[in-house]
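Below are the chains, spelled out letter by letter.
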Amino acid sequence: MVGLKEELLKSIWHAFTALDLDRSGKVLSHNLCTVLNVPHDPVALEEHFRDDDEGPVSNQGYMPYLNKFILEKVQGNFDKVEFNRMCWTLCAKKNLSKSPLLISDEDAFKVWVIFNFLSEDKYPLIIVPEEIEYLLKKITEAMGAGWQQEQFDHYKIALNTSREGLSAWELIDLIGSGQFSKGMDRQTVSMAISEVFNELILDVLKQGYMLKKGHKRKNWMERWFVLKPNIISYYVSEDLKEKKGDIILDGNCCVEALPDKDGKKCLFLIKCLDKTFEISASDKKKKQEWIQAIQSTVSLLRAGSAPPHKEARQKRKELRQKLQAEQEELERQMRELQAANENKQKELETVRKQLEAAAARAAEEEKKRLQTQVELQDRFSLELEREKMVRQKMEEQVAQKSSELEQYLQRVRELEEMYKQLQEALEDEKQARQDEETVRKLQARLLEEETAKRAELEKWHLQQQQTIQMTEAEKQELENQRMMKEQALQVAMEQLKQLELERKEALEQYEEVKKKLETAANNTKSWKDKVAHHEGLIRLIEPGSKNPHLITNWGPAAFTEAELEQRQRSWKGKKATSE
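None of these values were measured; they are calculated from a predicted model.

S.K.: Could you clarify how one ought to interpret the packing of aromatic side chains in this entry?
M.R.: Between two aromatic rings, the relevant description is the distance of the centres plus the angle of the planes. A full pass over the atoms with the stated rule returns 15 aromatic pairs. Between phenylalanine 78 and phenylalanine 83 the ring centres are 6.2 Å apart and the planes differ by 70 degrees, which places this aromatic pair in the edge-to-face class. Each member of the pair phenylalanine 78 and phenylalanine 83 is classed as buried. A ring pair is formed by tyrosine 209 and tryptophan 224, whose centres lie 4.8 Å apart and whose planes are at 75 degrees; its orientation type is edge-to-face. Here the residue tyrosine 209 occupies a position in strand S1 (residues 206–213), and tryptophan 224 occupies one in strand S2 (residues 220–228), the gap between them amounting to 15 residues. Of the residues examined, tryptophan 224 reaches a relative accessible area of 11% and is grouped as buried.

Written out as structure tokens, the structure reads:
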């Protein structure tokens, strides 16, 4: 339900930002309740949109009302297309570009809905370059054209220098400009957009015409089948206006190929818990495609997985998040190393200043010591005699000087120790620089791995191109076979025309013979009528008929009943001709 709420919020966000909620908020809320099949709450609606400063629109915003009174009551039993169309109607007029586009308003609406599906889950909504590339590739494949990777790379570089992605209206302008569909007519682009819309938005995994055997009358009828993640619906035609039934799919369903029978080929069977459906595809390729598609759908139902396009979108999003996290981690490590390096530099500068101060103090002390020594020598030379007298006292002074010298040596050793610490600090700085070089190598290795992944993707692209070329060759071979059949059909038609001419000639000869027979019959009848008129009761003696004779007032008739009926028909025909 959280995913459904996020999908609804994206469409509502467009309508929300396009309206002045102080004046049109009631309209938006009322329309949302209608298309989402949510019961209206007039009291809450009036409370939320009242005109005074205490109304929630003034101090709390529209989102609390939307979440509490509308989105939390959505059950999923609504028409997603109608919902998106309502939001599109509210925002398209204000945001849609006024410049002429190569796509219709209906196609622009479908691109807008696809944008909401592929955009990032942050506002304002944008679609990142990776998702733009995915969408343009899907549309290009649906048009049967080749993907121009180099052209998109130039466009991506120009896009990344200015912004993170495109808005819905910029995406519509991009596709409507024909920049990536040059050479294609409007109808081809429209059909490609509809195909991608059916797959990504309506979850149509496969669709097409097939024959289905009835459960009651056992007759075969052509139906338009539409495969979705948990159901197969079949209609009278592809306009989807008259639905004939559904095949509910679950993890217990299975698909089996059947041998040809009853004059039907390419048969397969769909077994469900309560019913079994026999279906005939147009050819073996279509049969195998449908079997694989249904088996894949059932496998996803058993595993509880999302449809392939939704799972692929989630994987792409997770990969982008992972790469972004790795990039942020590298940046964090670089910042930490830079901060540590700066701290080391500060410590080294402090130690250097301390050493300079210690050296200055040592020099000052050495200068004082030398000055004291000179003074002592002068004093020793001048007071040599007196010094001899006070030798014992001088020895004590020498001992004192020796103690001072020991202190001086101690200070020298301290300076040496400080010098060693300075050396260790320099070693630490060198190690920090080595760590920084290791991080740079790690970053270079990651870039090499990304280059390898790009090479692998290009290899897959080449394989797809080879597959498309093989498909084109098969298509050309089928076209040659069709031309040969058309030529054979033309020869057969000419032979049929010749037979028709011969038949007409035979009919004309038959009509001539028929006319001659009728003339002879008329002459014979006239002769017999004259004889009967002049001779009275005399009648010609003719071979008798096996059929029963008619009896007249003068005895047996000269004609049988069949002959009399034939003469009556002849007389009626002549009468009709004369009239």
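S.K.: Just to check I follow, could you spell out a negative patch on the surface for this structure?
M.R.: Residues Glu502, Glu505, Glu508 and Glu512 make up a contiguous surface patch of negative charge. With respect to the secondary-structure elements, glutamate 505 resides in helix H15 (residues 391–535). Taking the relative accessible area as the measure of exposure, glutamate 505 reaches 47% and is therefore partly exposed.

S.K.: Hey, could you run me through helix H6 (residues 80–95) in this one?
M.R.: One full turn of an α-helix is made of 3.6 residues, so residues set three or four places apart face in the same direction. Look at H6: 22 Å from first C-alpha to last across 16 residues, which is about the 22 Å you get at 1.5 Å a residue. Threonine 89 marks the point of greatest bend in H6, at about 35 degrees. Within the span of H6, buried status applies to Phe83, Asn84, Met86, Cys87, Trp88, Cys91 and Ala92. The N-cap residue of H6 is aspartate 79: its side-chain oxygen and the backbone nitrogen of valine 81 are 3.0 Å apart.

S.K.: Hey, could you run me through the environment of glutamate 347 in this one?
M.R.: Here glutamate 347 lies in helix H13 (residues 308–382). Given a relative accessible area of 48%, glutamate 347 falls into the partly exposed group. Taking the C-alpha atoms as reference points, glutamate 347 and alanine 425, separated by 78 residues in sequence, lie 8.1 Å from one another.

S.K.: It is not clear to me how the environment of alanine 18 should be interpreted in this structure. Could you clarify?
M.R.: Tracing the backbone through its elements, the reader meets alanine 18 in helix H1 (residues 2–18). In this structure alanine 18 comes out as buried when scored by relative accessible area, which is 12%. Not counting the four nearest positions on each side in its chain, alanine 18 is found in contact with Leu90, Cys91, Lys94 and Asn95.

S.K.: What should I look at first to understand the layout of surface pockets in this one?
M.R.: To locate leftover empty space, one rolls a probe as large as a water molecule over the atoms. The volume enclosed by the largest pocket comes to roughly 2,500 Å³. Forming the walls of the largest pocket are 48 residues, and the residues nearest its centre are Glu130, Lys156, Leu319, Leu323 and Leu457. With 17 residues, H15 is the single largest residue contributor to the lining of the largest pocket. Residue composition of the lining of the largest pocket, by class: 14 nonpolar, twelve polar and 22 charged. Along its surface, the second largest pocket is lined by 22 residues, and Glu141, Glu195, Lys206, Lys286 and Glu289 are the ones closest to its centre. In terms of residue count, the dominant contributor to the lining of the second largest pocket is S1 (five residues).

S.K.: Honestly, empty space enclosed by the protein in this entry has me stumped. Any pointers?
M.R.: In this structure the tally under the stated criterion is three cavities of 30 Å³ or more. The volume enclosed by the largest cavity comes to roughly 230 Å³. Forming the boundary of the largest cavity are 16 residues, of which Glu7, Lys80, Asn84, Val113 and Ile201 lie nearest the centre. Residue assignment for the lining of the largest cavity shows that the elements contributing at least two residues are H1, H6 and helix H7 (105–118). In terms of residue count, the dominant contributor to the lining of the largest cavity is H1 (five residues). The class makeup of the residues in the lining of the largest cavity is eight nonpolar, three polar and five charged. The wall of the second largest cavity is formed by Leu136, Ile139, Thr140, Met143, Leu174, Ile175, Gly178, Phe180, Ser181 and Val189. When residues of the lining of the second largest cavity are traced back to their parent elements, those giving at least two are helix H8 (129–143) and helix H10 (168–176).

S.K.: It is not clear to me how the pattern of salt bridges should be interpreted in this structure. Could you clarify?
M.R.: A side chain with one charge can pair with a side chain of the opposite charge if their charged atoms come near. A complete count under the given rule lists 29 salt bridges for this structure. Aspartate 121 serves as the salt-bridge partner of lysine 317, at 3.1 Å between the closest nitrogen and oxygen. With lysine 317 in helix H13 and aspartate 121 in the loop between H7 and H8, this pair connects stretches of sequence that are 196 residues apart. Look at aspartate 121 and you get partly exposed, because its relative accessible area is 47%.

Cut-offs used in this document
Residues numbered from 1 in each chain as written. Predicted model: local features only at pLDDT ≥ 70, side-chain atom pairs only at ≥ 80, totals over all residues. Heavy atoms only, no water. Phe/Tyr/Trp six-rings, centres within 6.5 Å; stacked < 30°, edge-to-face > 60°. Buried < 20%, exposed > 50% of the residue type's maximum accessible area, 1.4 Å probe, protein only. Helix = DSSP H or I, 4+ residues; strand = E, 2+ residues; numbered from the N terminus. Patch = residues over 30% accessible without salt bridge, like charges linked within 9 Å, V, L, I, M, F, W, Y side chains within 5 Å. Areas by Shrake-Rupley, 256 points an atom, 1.4 Å probe, with all protein chains shown as cover. Salt bridge = Lys/Arg side-chain N within 4 Å of Asp/Glu carboxyl O. Lys, Arg positive; Asp, Glu negative; His and termini not counted. Charge placed at Lys NZ, Arg CZ, Asp CG, Glu CD. Expected span 1.5 Å × (residues − 1). Bend = angle between axes of the 7 residues up to and from the residue. Polar contact = N/O pair within 3.5 Å; in protein donor to acceptor, adjacent residues only side chain to side chain. Contact = heavy atoms within 4.5 Å. 1 Å grid on protein atoms, 1.4 Å probe; cavity = no way out; pocket = protein on both sides within 12 Å on 5 of 7 lines; lining within 4 Å. Points joined across faces, edges and corners; volume = space filled by probe spheres on them. Nonpolar A, V, L, I, M, F, W, Y, C, P; charged D, E, K, R; others polar.

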